[in-house]
Every structure is written in structure tokens, then in C-alpha cells.
Amino acid sequence: MSKLNKIAKKSTWVDMTAFVDLSFLILTFFMLATKFKPPEVLKIQNPHSVSSINQPEKDVFKVSFDKDGKVFISFSPDKEGKEKAQLTAEVLNRQKGLGLTPAEIANFVNFSVGGIGVPVTQLKSFLALNDAQYKEFSQPGIPVKDTLNNQLNDYLNALITGTGGRKPENVMLNGDNGTEYPYFKNVLAAFKKNGIFSFKLITALEGVPSGTPLYKKQREGK
């Protein structure tokens, strides 16, 4: 009877040093290149549309309101947005006699990226919060329902006054589809009172219905 040849067992060793180094390089790249989105202070279900224009990313002033009518303002985190946020805070401080400290004005700039939605009279105590408290604080919204106390006017006036009377160019309106009409109407009334007649409405994009003129136009453009 022939004997079966036995294959000697050998341990396999692979040098993983280069692989680990490459993994850390890739991880470091994504950590440095990724833009982290600021926390959302409002949950908004936007109305749908079938046509869209790219939303500007720089020098944006946005007014948002949820289905309960809570109104917030926010500025983009770029240099232009931060400068306008600071000017707005300084004018509000001067016009309303709020007694804001430099640190509180700096907080206005920082908080304005995520959104500010408090009555003007509550601004000082709100801006005394730290970052962790800001994330946990339930903001009541800027009062707009009462036409005699539409405080969005105060914020808009401070923004325009701070920039030497110039109207903001990239105004975005971010509204919930279920918002009651008086809130929406009074937001627009504040725009009109401050001479803002041009803005973009943020919508949720949906497919263009087949056979419509827009559908045919898109098909022809391909």
C-alpha cells in the first residue's frame, strides 16, 4: 500500500503595517474634508415641487417656521454670514437696550448657524447659554402671529440697518407644508415691511409628471 504524501503545515504571516498606515491616512482625510451639518432646531416637512434651483451656500439668510408656527432665523456659517449675524446682534443690542456682552454677541453669531427663535426680550438670557445648553434648550420661536407684535420685523430691521440699508440678497424661506396661514402671512408681511420682495422657497423635489410641458421641456433638453 502506498503512503499518502503529507503536506507540511506552515503559518502564514502578512505584514499589515502599510495597510494600517493607509487606513489612517484615508480616515484623516475624510475627517478634515467633511463638513459637519449643524444640528437642526426645527423639524420641517417642506412642500413638494417639480422644479428646483440650486440653493446658494454662501451669504444666506434663512427664515424657517415649523407646522406649529415657530419662527427662526439663521445665517450661513461662511464669513459673510457671520459678519451679518454680528451686525444684526449689535444693532438689536443698541436699538433695544439689551446690554449684551461681547461674549453674548459672539454666541449670537454661533447660534445663528443652527437657528435663533426667541423673542427679543429673551435674547440676553438665551445668549448666556453654552453650546450644550443651546442644543437642549427648547426655543419658543420669534413671535409673529400677533400683527402688532411681529418681532420678525425687529430682526429684519436690525439686519438691514447693520448692513447700511442693503437688503439681503440670498433670502431663503423654509416653511412647513402644514403651517397655519396666519403665521405664513405674517412672515411675508414682515418681509414686505422691510422691503424684501425677493426670496427663494425651499421645497422637497419630486418627479415631473409625464406628459406635462415641464416634462417635455426636460426631455428636449437631454
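Just so we're clear, the structure is a prediction, and the values are computed from it rather than from any experiment.

*Asks:* Quick rundown of the overall build of the chain? Include the residues and the values.
*Replies:* Each helix and strand in the chain was counted, giving 8 helices and 6 strands. When its helices and strands are written in sequence order, the chain yields α-β-β-β-α-α-α-α-α-β-α-β-β-α. Looking at the chain as a whole, 36% of its 222 residues are labelled buried. Considering only contacts within the chain whose residues lie at least 6 apart along the sequence, 65% involve residues at least 24 apart. A total accessible area of about 14,900 Å² is found for the chain, and carbon and sulfur atoms account for 56% of it.

*Asks:* Please give an account of the pattern of salt bridges that cites residues and values.
*Replies:* Two side chains that carry opposite charge are able to pair once their charged atoms sit near each other. Per the stated rule, a full pass over the model turns up 4 salt bridges. In this structure, the salt-bridge partner of D59 is K84, at a minimum N-O distance of 3.0 Å. Of the two residues, D59 is situated in the loop between β1 (48-49) and β2 (60-65) and K84 in helix α2 (residues 79-96); the sequence distance between them amounts to 25 residues. For E104, the salt bridge goes to K124, with nearest N and O atoms at 2.8 Å. With E104 in helix α3 (residues 102-114) and K124 in helix α4 (residues 123-127), this residue pair connects regions lying 20 residues apart in the sequence. Residue classification places E104 among the buried positions, given a relative accessible area of 11%.

*Asks:* Tell me about the packing of aromatic side chains, and name the residues and values.
*Replies:* Tallied over the full model, the rule gives 7 aromatic pairs. Seen in terms of ring centroids, F126 and F137 are 5.8 Å apart; in terms of plane orientation they differ by 45°. Their pairing is tilted. A residue pair is termed long-range when its members are at least 10 positions apart, and F126 in helix α4 and F137 in the loop between α5 (131-136) and α6 (152-162) qualify at 11 residues. Given a relative accessible area of 2%, F126 falls into the buried group. Of the aromatic side chains, those joined through ring pairs into one cluster are F111, F126, Y134 and F137.

*Asks:* Could you give me a rundown of the packing of α6 against helix α7 (residues 181-193), with the residues and numbers involved?
*Replies:* Packing of α6 against α7 leaves a shortest axis separation of 9 Å and a crossing angle of 30°. The angle between α6 and α7 falls in the class roughly parallel. Crossing handedness for the pair α6 and α7: right-handed. Of α7, the residues touching α6 (which contributes L152, N153 and L156) are V187, A190, F191 and K193. Its residues placed into classes, the contact of α6 with α7 shows 5 nonpolar, 1 polar and 1 charged.

Calculation criteria
- Residues numbered from 1 in each chain as written.
- Predicted model: local features only at pLDDT ≥ 70, side-chain atom pairs only at ≥ 80, totals over all residues.
- Heavy atoms only, no water.
- Helix = DSSP H or I, 4+ residues; strand = E, 2+ residues; numbered from the N terminus.
- Buried < 20%, exposed > 50% of the residue type's maximum accessible area, 1.4 Å probe, protein only.
- Contact = heavy atoms within 4.5 Å.
- Areas by Shrake-Rupley, 256 points an atom, 1.4 Å probe, with all protein chains shown as cover.
- Salt bridge = Lys/Arg side-chain N within 4 Å of Asp/Glu carboxyl O.
- Phe/Tyr/Trp six-rings, centres within 6.5 Å; stacked < 30°, edge-to-face > 60°.
- Axes fitted to C-alpha atoms, helices over the stretch in contact; angles between N-to-C directions.
- Parallel < 35°, antiparallel > 145°, perpendicular 65-115°, else oblique.
- Left-handed = near helix turned anticlockwise from the far one by under 90°.
- Nonpolar A, V, L, I, M, F, W, Y, C, P; charged D, E, K, R; others polar.

Function cannot be read off these values alone, since they describe shape.
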